Amino acid sequence: MTISTPQRGYRVVDAIRAGEAVAPEVHKAARTDDPVLEVHGFSLWYGKSRALHAVDMAVHRGKVTAIVGPSGCGKSTLLRSVNRLNDLVDGVRTDGDILLNGSPVYGSGVDVITLRKRLGMVFQKPNPFPMSIRDNVVYPLVIDGERRRKVLNEAAERALTAAALWDEVKDRLRESALGLSGGQQQRLCIARAVVADPEVLLLDEPCSALDPVATLRIEELIHQIASRYTVLIVTHNMQQATRVSDFTAFMYLGRLVEYGPTAAVFQSPHLPETEDYVTGRFG
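Residues numbered from 1 in each chain as written. Predicted model: local features only at pLDDT ≥ 70, side-chain atom pairs only at ≥ 80, totals over all residues. Heavy atoms only, no water.

Points about the overall build of the protein
Within the protein one finds 11 helices and 11 strands. On C-alpha atoms alone, the protein measures out to a radius of gyration of 19 Å, which is about the 19 Å that the 2.2 N^0.38 rule sets for 283 residues. Referenced to the eigenvectors of the C-alpha coordinate spread, the extents of the protein come out at roughly 60 × 45 × 35 Å. A total of 283 residues make up the protein; the buried ones form 52% of that total. Long-range pairs, those at least 24 residues apart, make up 71% of the contacts in the protein between residues at least 6 apart in sequence. Summed over all atoms, the accessible surface of the protein reaches about 12900 Å², with 49% contributed by carbon and sulfur. Looking at charge distribution, the protein has the averaged site of its 33 positive side-chain charges lying 3 Å from that of its 33 negative ones. (Helix = DSSP H or I, 4+ residues; strand = E, 2+ residues; numbered from the N terminus. Rg over C-alpha atoms; globule rule 2.2 N^0.38 Å. Buried < 20%, exposed > 50% of the residue type's maximum accessible area, 1.4 Å probe, protein only. Contact = heavy atoms within 4.5 Å. Areas by Shrake-Rupley, 256 points an atom, 1.4 Å probe, with all protein chains shown as cover. Lys, Arg positive; Asp, Glu negative; His and termini not counted. Charge placed at Lys NZ, Arg CZ, Asp CG, Glu CD.)

A few points about the sheet that holds strand S9 (residues 230-234)
The pairing of strands in a sheet happens through backbone hydrogen bonds and is either parallel or antiparallel. Read across the sheet, 7 strands follow the order S1-S11-S10-S4-S9-S8-S7 without closing on themselves; strand pairing throughout is mixed. The open sheet is flanked by strand S1 (25-26) and strand S7 (119-122), the only strands paired with a single partner. Across 6 bridges, strand S10 (residues 247-252) lies against strand S11 (residues 255-261) in antiparallel orientation. Within S11, the residue paired with Met251 across the bridge is Leu256. (Pairing = 2+ DSSP bridges.)

What to know about empty space enclosed by the protein
Taken as a whole and assessed by the stated rule, the structure comprises 2 cavities of 30 Å³ or more. Considering only enclosed or pocket space, the largest cavity measures out at about 50 Å³ in volume. Lining the largest cavity we find Ala155, Arg158, Ala159, Ala162, Val194, Val195, Asp197, Arg228 and Tyr229. Considering each element in turn, the lining of the largest cavity owes the most residues, 4 residues, to helix H5 (residues 149-162). When its residues are assigned to classes, the lining of the largest cavity shows 6 nonpolar, no polar and 3 charged. Its boundaries defined by the atoms lining it, the second largest cavity holds a volume of some 40 Å³. If you trace the second largest cavity, you find it lined by Val39, Met57, Val59, Ile67, Leu78, Leu79, Val82 and Leu232. Taken together, the elements giving at least two residues each to the lining of the second largest cavity come down to strand S3 (49-60) and helix H2 (75-82). Among the elements that line the lining of the second largest cavity, the one with the most residues is H2, at 3 residues. (1 Å grid on protein atoms, 1.4 Å probe; cavity = no way out; pocket = protein on both sides within 12 Å on 5 of 7 lines; lining within 4 Å. Points joined across faces, edges and corners; volume = space filled by probe spheres on them. Nonpolar A, V, L, I, M, F, W, Y, C, P; charged D, E, K, R; others polar.)

A word on the environment of Glu275
Assignment of secondary structure puts Glu275 in helix H11 (residues 272-278). Sequence separation between Glu275 and Val265 is 10 residues, and the spatial gap between their C-alpha atoms is 7.6 Å.

Re the layout of surface pockets
When its volume is computed, the largest pocket comes out at roughly 710 Å³. Along the wall of the largest pocket there are 22 residues; nearest its centre are Arg116, Leu119, Met121, Pro140 and Ile143. No other element matches the 4 residues that helix H4 (residues 133-143) contributes to the lining of the largest pocket.

This is the structure in structure tokens:
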């Protein structure tokens, strides 16, 4: 990982680099009395390496929140902590907690399988299963025990419509999903993620493997589904964050630096390091 050296003194970034604990700059408008996700003093270690440092933030219900920051800053680690995908990595340990609609994600006795059913997840690269388009979409329902053909067919149409893909594939539902284009495959994965009506949709750089045209379609789709779902998206693309999100969290070396409405973070941030990062002068 290469991080350019700032050209002017940064109070927060300098403190973080020195290993000091610093309070994030949270805009008043970023605070909410109705969060769908609450991150409370959450830290994570991979073995002896600490990836997250006491992160505190609340994710607004029914909004799109973007997490930005340099490579290796912990943004994907934080996203994957929400549905405990990091549990699959040897040597992981955590401190603090994350609440999903008031329920602890890391509490004792939490059923991780049940937790993940409450969250939709879409990864950087499209990952359709080697089965039909229709079976890809309804897979989460099938593994949860749903067998009624009518229910599954209606769910597939509803999810594919929500993912702006129905008109393109309605006559090909029995064909392999592997025959779709990259952009179509990613929209298929979004359809699969929303078919069970998740409480939050998690997107981990969903456009990083797509061309500009497919990226535009995904961004348009995020705008459409944001009316129904809370979306938490990790992106390395500053322009994308401004286009799709309502709130933006800037992270650096595993810490939350600044969090506020996207327009404020990009146009009038409180910290000079945030201003220089989002304008490309630092990072």
